[in-house]
Amino acid sequence: MNKIESSSVSKGANSQTSLAWFSLSAGKICLGQKPTSDTYARLKGLGVSHLATLQTGEEDAPVIRDGAKAAGLEWIWLPFLHPSAESPTDDVHLHQYLHELSQMLTEGASVYLHCDGSQHRCSLLFYALCHYCRVPSNSAYSALHSFGASSANGLSRGELQWAAELGHTAP
């Protein structure tokens, strides 16, 4: 059964205190902002075991990798360009990402999924992952809304259809 839960920890000024988790398989996943140098340890304290980066090398992915590993987090790189970008990421790569995320969640991982500040790409991949894991569309959309209105409201109907199809067609 899928559910939303929250975890929290003490914070300083202007710091994130909790994460909205969505339980999927034996693990849980959340969407968040691009981490900064002062947030990796806090993410670990909030129960994050894996940091999944949906950014290209030009978007500081190596810097994020180093920060995650230094804080004791597992790191996975899922370089993903928006499907309408000039050179969209091939579906075969996206299918592999869905499989890898699903496997981590099956093994009980707590995954923090992020892209840039817009959360557009991670919202799309989360929605595709829900479909890959056979979560019904209405439940997947509700889960997306649980991460904040901008996560769901920022996606067009066409983008949601693309993500659902991506999840359904993955081997």
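Description of the structure in this document. Since the structure is predicted, the reported quantities are computational estimates derived from the model, not experimental observations. (Residues numbered from 1 in each chain as written. Predicted model: local features only at pLDDT ≥ 70, side-chain atom pairs only at ≥ 80, totals over all residues. Heavy atoms only, no water.)

**Some remarks on the overall build of the protein**
Working step 1: Across its full length, the protein carries 7 helices and 6 strands.
Working step 2: Of the regular secondary structure in the protein, the N- to C-terminal order runs β-β-β-α-β-α-β-α-β-α-α-α-α.
Working step 3: The buried share of the protein, taken over its 171 residues, is 47%.
Working step 4: Within the protein, contacts between residues at least 6 apart in sequence are counted, and of these 67% link residues at least 24 apart. (Helix = DSSP H or I, 4+ residues; strand = E, 2+ residues; numbered from the N terminus. Buried < 20%, exposed > 50% of the residue type's maximum accessible area, 1.4 Å probe, protein only. Contact = heavy atoms within 4.5 Å.)

**Section: the nonpolar core**
If you look at soluble globular proteins, the nonpolar side chains tend to sit buried side by side.
Working step 1: Ranked by size, the top nonpolar core spans 54 residues in total, and within it L78, L113 and F126 carry the most contacts.
Working step 2: Per element, the largest residue contribution to this core is 9 residues, and it comes from helix α4 (residues 120–132).
Working step 3: Residue contacts for F126: discarding those within four places in its chain leaves F22, I29, L31, L113, A140, A143, L144 and F147. (Core = buried A, V, L, I, M, F, W, Y, C linked by side-chain atoms within 4.5 Å.)

**Observations concerning the packing of α4 against helix α7 (residues 157–169)**
Working step 1: With their axes 7 Å apart at the nearest point, α4 and α7 run at an angle of 45° to one another. Put simply, α4 runs oblique to α7. Of the two elements, α4 crosses α7, and the hand of that crossing is right-handed. Contacts between α4 and α7 involve H120, L124, Y127, A128, H131 and Y132 from the former and E159, L160, W162, A163, A164, L166, G167 and H168 from the latter.
Working step 2: Classifying every residue of the contact of α4 with α7 gives 9 nonpolar, 4 polar and 1 charged. (Axes fitted to C-alpha atoms, helices over the stretch in contact; angles between N-to-C directions. Parallel < 35°, antiparallel > 145°, perpendicular 65-115°, else oblique. Left-handed = near helix turned anticlockwise from the far one by under 90°. Nonpolar A, V, L, I, M, F, W, Y, C, P; charged D, E, K, R; others polar.)

**What to know about helix α3 (residues 91–106)**
Working step 1: Taking 1.5 Å per residue as the helical rise, α3 with its 16 residues ought to reach 22 Å, and the 22 Å between its terminal C-alpha atoms agrees with that figure.
Working step 2: Among all positions in α3, only L94, H95, Y97, L98, L101, S102, M104 and L105 are buried.
Working step 3: Backbone geometry just downstream of α3 places G108 in the positive-phi region, at approximately 95°. (Expected span 1.5 Å × (residues − 1).)

**Some remarks on the pattern of salt bridges**
Working step 1: Taken as a whole, this structure holds 4 salt bridges when the rule is applied.
Working step 2: Of the charged contacts, one joins K34 and D60 as a salt bridge, the two residues approaching to 3.1 Å between their closest N and O atoms. Here the residue K34 occupies a position in the loop between β3 (27–32) and α1 (40–45), and D60 occupies one in the loop between β4 (50–53) and α2 (61–70), the gap between them amounting to 26 residues.
Working step 3: The exposure class of K34 is partly exposed, given its relative accessible area of 31%.
Working step 4: Linking R121 and D116 is a salt bridge whose minimum nitrogen-to-oxygen distance equals 3.5 Å.
Working step 5: Here the residues in one salt-bridge network are E59, D116 and R121, joined through shared partners. (Salt bridge = Lys/Arg side-chain N within 4 Å of Asp/Glu carboxyl O.)

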